[in-house]
Every structure is written in C-alpha cells, then in structure tokens.
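The lines below spell out each chain.
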Amino acid sequence: MAKVFTLAEVSEHNTNKDCWLVIGGKVYDVTKFLEDHPGGDEVLVSSTGKDATDDFEDVGHSASATAMMEEFYIGEINTSTIPTQNKYTPPKQPQYDQDKTSEFIIKLLQFLVPLIILGVAVGIRFYSKSST
C-alpha cells in the first residue's frame, strides 16, 4: 500500500535540492528530474506546496511524459489536507447604457465636424489657387 502524505508534509519539499509535487492525487519526488525538465527547474519548484494538477494539465504534456512520472511516484496525497479551490467569478460588468452612447456620438461629432469644415476650406483654397 502506498504511503499517504499530507499537503503540509509535501510542502516542506520545495527547493531545487528536494522537490515534491502533487499531481492527480499522487505525490512525486521530482528532485532527480529537475535538471532534465524541458521547461527548467523553476517551473517545477514554483508548483510545490499546492495541487499542481492544473499546472501539469495546462501545459499539455505528451503521453511519454505522463508515463515517465511513474518512476518518480512516492505515494498518495490525503485529499482532505488540500484546500478547496474557489471558482473564479468575474466582477459584474455595468449594464450597457445607450444614453451614454449618444453622448459619445455628440462629443465625437463636435470634434469631427469642425475638422471636416476646415479640411474642406483648405481643399477649396488649395484647388482654387492651383487652377488660376
């Protein structure tokens, strides 16, 4: 039967000389693999002290990488010691206010109409000078 670790026990192993990870409810001692990890040892060390399952799955490891994990397996994690993750809920967005849209259009027109008039005047002046 596999040894069962608490998250506190696993969290003590959080350096590049002694690095344990929790992935999929299993505990892995990846210390010997740190130098060979394609993403560098910092990636693994930064995933210590927590459930690193999401970190591992987000990267999209190959089947051979997943199979390689078995040689680093040292036990199971006591899941009751892992804090529950809160789902991210984005802040509520203010309702779209059409009244403000009309204000924006008015301000935009107040800026553009004089520029258009100026452009037309300069164009007429330039055209009338060149035709004479």
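Residues numbered from 1 in each chain as written. Predicted model: local features only at pLDDT ≥ 70, side-chain atom pairs only at ≥ 80, totals over all residues. Heavy atoms only, no water.

Visitor: Tell me what's going on with the UniProt feature "domain: Cytochrome b5 heme-binding" (unreviewed entry) in the protein, and back it up with residues and numbers.
Guide: When the UniProt feature table is mapped onto this chain numbering, "domain: Cytochrome b5 heme-binding" (unreviewed entry) sits at residues 2–78. Secondary structure within residues 2–78 divides into 30% helix and 25% strand; the distance between the first and last C-alpha atoms comes to 11 Å. (UniProt positions renumbered as here; feature names shortened; annotations may be inferred. Helix = DSSP H or I, 4+ residues; strand = E, 2+ residues; numbered from the N terminus.)

Visitor: Describe in detail the sheet that holds strand β2 (residues 14–15), supporting the description with residues and values.
Guide: Here we have 5 strands laid out as an open sheet, ordered β1-β5-β4-β3-β2, and mixed in their pairing. A strand with exactly one partner marks an edge of an open sheet, and here the two such strands are β1 (4–5) and β2. Where strand β4 (residues 26–29) lies against strand β5 (residues 73–77), 3 bridges are found, and the strand directions are antiparallel. For Tyr28, the partnering residue across the bridge sits in β5 and is Tyr73. (Pairing = 2+ DSSP bridges.)

Visitor: Talk me through the pattern of salt bridges; I want residue IDs and the actual numbers.
Guide: The final tally for this structure, using the stated rule, is 1 salt bridge. Residues Asp55 and Lys50 are paired through a salt bridge, measuring 2.9 Å at the closest nitrogen-oxygen approach. (Salt bridge = Lys/Arg side-chain N within 4 Å of Asp/Glu carboxyl O.)

Visitor: I'd like a rundown of the side chain of His13, residues and numbers included.
Guide: By the secondary structure assignment, His13 is in the loop between α1 (7–11) and β2. Judged by its relative accessible area of 17%, His13 is buried. If near-sequence neighbours (up to four positions away) are discounted, His13 is found in contact with Asp18, Cys19, Trp20 and Thr48. (Buried < 20%, exposed > 50% of the residue type's maximum accessible area, 1.4 Å probe, protein only. Contact = heavy atoms within 4.5 Å.)

Visitor: If you had to explain the environment of Ile74 to someone new, which residues and values would you point to?
Guide: Assignment of secondary structure puts Ile74 in strand β5. On the basis of relative accessible area, Ile74 is assigned to the partly exposed category, the value being 30%. The sequence separation of Ile74 and Glu57 amounts to 17 residues, and the corresponding C-alpha distance is 20 Å. Here Ile74 is in contact with Lys3, Phe5, Trp20, Val27, Tyr28 and Asp29, once residues within four sequence places are set aside.

Visitor: An account of the pairing of strand β3 (residues 18–23) is requested, with residue identities and associated values reported.
Guide: Within β3, 5 of the 6 residues are buried, leaving the element largely enclosed by the surrounding structure. Note: β2 against β3, 2 bridges, orientation antiparallel. Looking across to β3, one finds that Asn14 is bridged to Cys19. Examined bridge by bridge, β3 and β4 share 4 bridges and lie antiparallel to one another. Each bridged residue has a counterpart across the sheet, and for Val22 the counterpart in β4 is Val27. In this antiparallel pair of consecutive strands, β3 and β4, the connection spans 2 residues, and Gly24 shows a positive phi of 60 degrees.

Visitor: Before we move on, could you go through the packing of aromatic side chains and cite the residues and values that matter?
Guide: Applying the stated criterion to the full structure yields 3 aromatic pairs. When the ring of Phe5 is compared with that of Trp20, the centres are 5.1 Å apart and the planes differ by 70 degrees; the resulting orientation is edge-to-face. Residue Phe5 is located in strand β1, and its partner Trp20 is located in strand β3; the two are separated by 15 residues in the primary sequence. Overall, Phe5 belongs to the buried group, its relative accessible area being 7%. (Phe/Tyr/Trp six-rings, centres within 6.5 Å; stacked < 30°, edge-to-face > 60°.)

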